[in-house]
Amino acid sequence: MVRPKIILFGDSITEESFGDGGWGAALANLFSRKADVVLRGYSGYNTRWALLAKETAFGTGGAEELAPVAVTVLLGANDACLPDRSSAFHHVPPNEYKQNLHDIISFIKKRWPTTLVVLITPPPIDEDGRLRHPYGDNLDGLPERTNEFAGSYAKACISVAGECGIPVVDLWSKMQQFPGWEKAFLSDGLHLTPSGNRIVFEEVVAALTKEGISVDTLPVDLPLFSQIDSSDPQKSFRV
């Protein structure tokens, strides 16, 4: 039996997810005997660049390749940089952002029709945190992202999920349900603290479970040690 895969595709919020306390690392631990969690995160990428990277990120798609059971797509935090501020080169207009998400989903579903795609909205923005931790020179003294503008991309992401009939994790709304979310969940106004990572982990697990993908539904690829007959171990490994 070949162990199934869960692929995490996105920007730095995905790339950093295998760090200490990261949501990707927590998923890998949860599914440690059931699925390989594969990291495909690219810091600084917007959906325009993610589209250009998709073939490399997802591989050749040969006939012998096993379709992943699920792919998470978390993009939009960079698209939502304001077009007239210091990180304007990241900006992708909302309508193009939506179309790019559609194209990414179509690419995945065309290659792997049975694969579950889970969209994840960009998180909220703590504007004070972005002023304290600017990217490069911030000569105008204004945050390159705002929470309101990020929210419009979160709503666009939710809209795409509805149009495609796939699940979505609304991080932007979920995190703001908690008092003090700005500093509790975001380390620099954008990237996640361990507590913020925990929110992503729990929400992704809930979305996967709702679609029938969990540690209870996925089989192990090799017998548990308690299932091995010590007097004749070979019979436990016969296919």
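What counts as what
- Residues numbered from 1 in each chain as written.
- Predicted model: local features only at pLDDT ≥ 70, side-chain atom pairs only at ≥ 80, totals over all residues.
- Heavy atoms only, no water.
- Helix = DSSP H or I, 4+ residues; strand = E, 2+ residues; numbered from the N terminus.
- Buried < 20%, exposed > 50% of the residue type's maximum accessible area, 1.4 Å probe, protein only.
- Lys, Arg positive; Asp, Glu negative; His and termini not counted.
- Charge placed at Lys NZ, Arg CZ, Asp CG, Glu CD.
- Phe/Tyr/Trp six-rings, centres within 6.5 Å; stacked < 30°, edge-to-face > 60°.
- Lys NZ or Arg CZ within 6 Å of the ring centre and 35° of its normal.
- Salt bridge = Lys/Arg side-chain N within 4 Å of Asp/Glu carboxyl O.
- Pairing = 2+ DSSP bridges.
- Contact = heavy atoms within 4.5 Å.
- Disulfide = S-S within 2.5 Å.

J.: Could you give an account of the overall build of the chain, naming the residues involved and the relevant values?
T.: When you go through the chain residue by residue, the secondary structure sums to 9 helices and 5 strands. Mapped from its N terminus to its C terminus, the chain presents α and β elements in the order β-α-α-β-α-β-α-β-α-α-β-α-α-α. Judged by the C-alpha coordinates and their principal axes, the chain covers about 75 × 35 × 30 Å. The buried share of the chain, taken over its 239 residues, is 47%. In the chain, which carries 22 positive and 30 negative side-chain charges, the distance between the mean positions of the two groups comes to 6 Å.

J.: Can you explain the packing of aromatic side chains? Please cite residues and give values.
T.: One pass over the full model with this rule turns up 9 aromatic pairs. Ring geometry for Y45 and W49: centres 6.1 Å apart, planes at 85°, overall edge-to-face. Look at W49 and you get partly exposed, because its relative accessible area is 29%. Measuring from ring centre to ring centre gives 6.1 Å for F58 and F107, while their planes differ by 40°; the resulting arrangement is tilted. Taken together, the residues span a long stretch of sequence, with F58 in helix α3 (residues 47-58) and F107 in helix α4 (residues 94-111) at a distance of 49 residues. One aromatic cluster is present, formed by F9, Y42, Y45, W49, F58, F107 and W112 through successive ring pairs. A cation sits over an aromatic face here: K54 above F107, 5.3 Å from the ring centre. The aromatic ring of W112 is capped on one face by R111, whose charged end is 5.8 Å from the ring centroid.

J.: Tell me what's going on with the pattern of salt bridges, and back it up with residues and numbers.
T.: Taken as a whole and judged by the stated rule, the model has 14 salt bridges. Of the charged contacts, one joins E144 and R130 as a salt bridge, the two residues approaching to 2.8 Å between their closest N and O atoms. Taken together, the residues span a long stretch of sequence, with E144 in the loop between α5 (127-132) and α6 (147-164) and R130 in helix α5 at a distance of 14 residues. Comparing E144 with R130, the two get one shared label, buried. The network of salt bridges with common partners includes D126, D128, R132 and K183.

J.: Tell me about the pairing of strand β1 (residues 5-10), and please be specific about residues and values.
T.: With 5 of 6 residues buried, β1 lies mostly within the body of the structure. Where β1 meets strand β2 (residues 36-41), 6 bridges bridge the pair, whose relative direction is parallel. Residue pairing across strands places G10 opposite G41, the latter belonging to β2.

J.: So what's going on with the environment of L75? Residues and values would help.
T.: Structurally, L75 can be placed in the loop between β3 (70-74) and α4. Among the residues examined, L75 registers a relative accessible area of 1% and is labelled buried. Sequence separation of L75 and F201 is 126 residues, and the distance between their C-alpha atoms is 16 Å. Among residues more than four places away in sequence, those in contact with L75 are F9, G10, D11, Y45, T47, A50, Y97, I104, I120 and P122.

J.: Help me get a handle on the environment of N100, residues and values and all.
T.: The topology assignment puts N100 in helix α4. Exposure remark for N100: the relative accessible area of 5% places this residue in the buried category. Taking the C-alpha atoms as reference, N100 lies 10.0 Å from V160; in sequence the two are 60 residues apart. For N100, the contacting residues outside a window of four places in its chain are T47, R48, L51 and V92.

J.: Got a sec to walk through the state of the cysteines? Specific residues and values, please.
T.: Across all of its chains, the model carries 0 disulfides by this definition. No disulfide involves C81; its sulfur sits 16 Å from the nearest other cysteine sulfur, which is in C157. Summary of cysteine pairing: C157 is not part of a disulfide, and the nearest cysteine sulfur, belonging to C164, is at 10.0 Å.

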